[in-house]
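So the chains spell out like this:
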There are 2 protein chains.
Amino acid sequence: MNLSVAEENYIKAIYKLQEGEQAVTTNALAYELETKPASVTDMAKKLKEKKLISYEKYQGITLSPEGRKTALQVVRRHRLWECFLVDKLSFSWEEVHELAEELEHVRSEKLISRLSDFLGNPVIDPHGDPIPDANGRMAKPRPQTSLDQANARRLVVTAVSDQSSALLAFLNAKSIKLGTQLEIIAHYEFDNSIEIKVKHQPAITISEQVAKNIMVRPL
Amino acid sequence: MNLSVAEENYIKAIYKLQEGEQAVTTNALAYELETKPASVTDMAKKLKEKKLISYEKYQGITLSPEGRKTALQVVRRHRLWECFLVDKLSFSWEEVHELAEELEHVRSEKLISRLSDFLGNPVIDPHGDPIPDANGRMAKPRPQTSLDQANARRLVVTAVSDQSSALLAFLNAKSIKLGTQLEIIAHYEFDNSIEIKVKHQPAITISEQVAKNIMVRPL
DNA sequence: GAAATTATTTAAGTTTGTCTAAATAATAAT
DNA sequence: ATTATTATTTAGACAAACTTAAATAATTTC
């Protein structure tokens, strides 16, 4: 099936929002894609026509098996390009998202399989997210929680869910990146801020906002 | 200035057709872009508005200095991606054109400059065409003629102007590629076909059609 | 459970880049 | 120098992916 860039972006966003299996809401999708709910309704009809989603008026959207396959292809392309940009062109992990967002729409099986080979068939991308293989299979995302909900003391940073460059720049300044080990010193109830310490660095206090967007797993 | 993919393709095509300095014709551009003359007229008005071309009704199109700069950027991106595909992903030179056609529209100065560094700042692409540098400067294409007009006996293949994969496949089968040295054995007047010989290979006869699309320079 | 709020859809219109068909200009042919 | 031919432009329409404004459905609240 030949999809437009817009269609691919919808499919990818639905995949991202669907998570478990609950239906994705028109409004949520509009917000994710920075568009208007009315546009989402329009597109939903088209994607249903193409059998990529199931959609009934007022009932929200879920990917069909076909749609899921498509989504995984796009995710695969995105994450492989991110690897390329970081590993080969020395971009830092916070810069690559927007670029990969464009590169991912070059559709060529052969290109992607060669790119994957060239990169040594990586299985996780620079943000720590798993890369689907050519058949759409991938490691299940490791059990991770956001930093504000972590219950262990010693943690590793596994991903940063917010893709805004403001946050990423902040983390960079504090030399917190993928794989950084940190320790929770204190939890301040009144504003839910968290004091953390990275080895060889002074302790810093992080707002709830920031903590929600840093994904960690217990060390 | 922020151009759409379509606009970039027009600018690139005008650049390609302009060669020396004569104005590009509406029909020629329509043919090159596989679209209709009416569409070209429409787009010409828009590009004139943006000061990328000069255009007067019925007088044809020429790039403005601004337009030329844009064209060279697109050409640079295209040719660098071709290098990447051939050098790093082991594509053969006849496969890369279409892919580069898509990759070239990812606009990021930083991406392109890093890609160029990664490739060792190449100055010619896999088809033998020079790659503009970041300022749009490039080696002038070496003096080359099409094979049907060559007057020397011993020649080197420097480029293949037709980008159709049919021709490229044919050349591949005859193991004629960039840098291949060949010798003209005979010129048959009645159909302008040419008999050539590649070292260690049996002599072959090539139609005028094919000869027109093989660029060579004297050895 | 009726009223208020929020979410979703419909209707109508916009922009970009295309198209066809008809009109007009430029060029070539006799 | 007409006429015929070819090239170019205009006019009107269309598809994709948007938008805003209004209408309708679903959900919450009291």
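Residues numbered from 1 in each chain as written. Chains lettered and ligands numbered in written order. Predicted model: local features only at pLDDT ≥ 70, side-chain atom pairs only at ≥ 80, totals over all residues. Heavy atoms only, no water.

1. Brief notes about the protein's contact with DNA strand D
- Taken together, 20 residues lie around DNA strand D, and A:S4, A:S39, A:K46, B:K45 and B:Y55 are the ones closest in.
- Among atoms of DNA strand D positioned within 4 Å of the protein, sugar and phosphate together represent 82%.
- Between DNA strand D and A:T35 there is a distance of 2.9 Å, counted from a phosphate oxygen to a side-chain nitrogen or oxygen.
- Sorting the residues of the surface near DNA strand D by element identifies α1 (5–18) and α3 (37–49) of chain A together with α2 (26–32) and α3 (37–49) of chain B as the ones contributing at least two each. (Near = heavy atom within 4 Å. Polar contact = N/O pair within 3.5 Å; in protein donor to acceptor, adjacent residues only side chain to side chain. Helix = DSSP H or I, 4+ residues; strand = E, 2+ residues; numbered from the N terminus.)

2. Things to note about the protein's contact with DNA strand C
- What surrounds DNA strand C is a group of 20 residues, the closest being A:Y55, A:K57, B:S4, B:T35 and B:K46.
- In DNA strand C, atoms within 4 Å of the protein come from the sugar-phosphate backbone in 80% of cases.
- Here a phosphate oxygen of DNA strand C sits 2.7 Å away from a polar atom, N or O, in the side chain of A:T25.
- Within the contact set of DNA strand C, a phosphate oxygen lies 2.7 Å away from a side-chain nitrogen or oxygen of A:K45.
- Breaking the surface near DNA strand C down by element, the ones donating at least two residues are α2 (26–32) and α3 of chain A together with α1 (5–18) and α3 of chain B.
- Classifying every residue of the surface near DNA strand C gives eight nonpolar, seven polar and five charged. (Nonpolar A, V, L, I, M, F, W, Y, C, P; charged D, E, K, R; others polar.)

3. Here's the deal with the nonpolar core
- Core analysis: the largest hydrophobic core is formed by 34 residues, its most contacted members being A:W81, A:F84 and B:W81.
- Contributions of two or more residues to this core are made by α4 (65–88), α5 (96–103) and α6 (109–118) of chain A together with α4 (65–88), α5 (96–103) and α6 (109–118) of chain B.
- The residues contacting A:F84, other than those within four sequence positions of it, are A:L89, A:L115, A:F118, A:L119, B:W81, B:F84, B:L115 and B:F118. (Core = buried A, V, L, I, M, F, W, Y, C linked by side-chain atoms within 4.5 Å. Buried < 20%, exposed > 50% of the residue type's maximum accessible area, 1.4 Å probe, protein only. Contact = heavy atoms within 4.5 Å.)

4. Looking at the relation of the copies chain A and chain B
- Taken as rigid bodies, chain A and chain B are interconverted by a rotation of 179 degrees and an axial shift of 0.0 Å, the fit giving an RMSD of 0.1 Å. What the rotation and shift describe, once combined, is the action of a two-fold rotation axis. Looking at the rotation axis and the C-alpha trace of chain A, the residue lying nearest is A:L103, at 3.6 Å.
- Of all interface residues in chain A, 100% are interface residues in chain B too; the two copies therefore contact each other through one and the same surface. (Least-squares fit on C-alpha atoms with pLDDT ≥ 70 in both.)

5. Observations regarding the interface of chain A and chain B
- Taken together, the contacts link 20 residues of chain A with 20 residues of chain B.
- Carbon and sulfur atoms supply 73% of the area buried between chain A and chain B, which totals about 1700 Å² over both sides.
- Per-residue buried area on chain A facing chain B is highest for A:L89, A:R114 and A:F118; these three make up 29% of the total on that side.
- Joining chain A to chain B, the criterion identifies two salt bridges.
- The closest approach of N and O atoms between A:E95 and B:K110, which form a salt bridge, is 2.3 Å.
- Residue assignment for the side of chain A that touches chain B shows that the elements contributing at least two residues are α4, α5 and α6 of chain A.
- No other element matches α6(A), which puts five residues into the side of chain A that touches chain B. (Buried area = accessible area lost by both parts, 1.4 Å probe. Salt bridge = Lys/Arg side-chain N within 4 Å of Asp/Glu carboxyl O.)

6. Observations regarding helix α7 (residues 165–173) of chain A
Residues and elements named next belong to chain A.
- Within α7, the full set of buried residues consists of L167, L168 and L171. Summarising the axial view, the buried residues of α7 lie within an arc of 95 degrees, below the 170-degree limit, and thus occupy one face. Within α7, the exposed residues directed more than 90 degrees away from the buried face are A166 and A173.
- Elements in contact with the buried residues of α7: β4 (154–160), α8 (208–212) and β8 (214–218).
- A positive backbone phi angle near 45 degrees is found at S175, which sits one or two residues after α7. (Arc of directions from axis to C-beta.)

7. Focus on the UniProt feature "domain: HTH dtxR-type" (unreviewed entry) in chain A
- If you check UniProt for "domain: HTH dtxR-type" (unreviewed entry), the listed places come out as residues 1–64 of chain A in our numbering.
- End C-alpha to end C-alpha, residues 1–64 of chain A measures 14 Å, and it is 53% helix and 9% strand. (UniProt positions renumbered as here; feature names shortened; annotations may be inferred.)

8. Regarding the packing of α4(A) against α6(A)
Residues and elements named next belong to chain A.
- Contact geometry of α4 with α6 gives a least axis separation of 10 Å together with a crossing angle of 40 degrees. Relative to α6, the element α4 is oriented oblique. Crossing handedness for the pair α4 and α6: left-handed. Taken together, the residues of α6 that come into contact with α4 (itself represented by Q73, R76, R77, L80, W81, F84 and K88) are E109, L111, I112, S113, L115, S116 and F118.
- Tallied by class, residues from the contact of α4 with α6 come to seven nonpolar, three polar and four charged. (Axes fitted to C-alpha atoms, helices over the stretch in contact; angles between N-to-C directions. Parallel < 35°, antiparallel > 145°, perpendicular 65-115°, else oblique. Left-handed = near helix turned anticlockwise from the far one by under 90°.)

9. A few points about the domain arrangement of chain A
- Along its sequence, chain A is carved into domain 1 (5–63) and domain 2 (145–218).
- For domain 1 of chain A and domain 2 of chain A, the distance between their C-alpha centres works out to 32 Å. (Domains from an automatic or database assignment.)

10. Comments concerning the sheet that holds strand β7 (residues 204–206) of chain B
Residues and elements named next belong to chain B.
- Across the sheet, six strands lie side by side as β3-β8-β4-β5-β6-β7; this open sheet has antiparallel pairing. Whereas interior strands pair on both sides, the edge strands pair on one side only; in this sheet they are β3 (145–146) and β7.
- For β3 and strand β8 (residues 214–218), the ladder comprises two bridges, and the chain directions are antiparallel. Bridging from a neighbouring strand, T145 pairs with V216 of β8. (Pairing = 2+ DSSP bridges.)

11. A word on unusual backbone geometry
All names here are of chain B.
- At K51, a position not held by glycine, the phi torsion is positive, near 65 degrees.
- Here K51 lies in the loop between α3 and β1 (53–55).
- In this structure K51 comes out as exposed when scored by relative accessible area, which is 64%.
- We note that N121 has phi near 45 degrees; this positive angle belongs to a residue other than glycine.
- Relative to the helices and strands, N121 is located in the loop between α6 and β3.

12. Notes on the pattern of salt bridges
- One pass over the structure, following the stated rule, counts 22 salt bridges over all chains.
- Across the pair A:E56 and A:K48 runs a salt bridge, and its minimum N-O distance is 3.1 Å.
- For A:K48, a relative accessible area of 35% corresponds to the partly exposed category.
- Taking the shortest distance from any N to any O, the salt bridge between B:K50 and B:E7 comes out at 3.1 Å. Of this pair, B:K50 sits in the loop between α3 and β1 while B:E7 sits in helix α1, placing them 43 residues apart in sequence.
- We classify B:K50 as partly exposed; its relative accessible area is 28%.
- Ionic contacts of the salt-bridge type, sharing partners, join the residues A:E8, A:R77 and A:R107 into one network.

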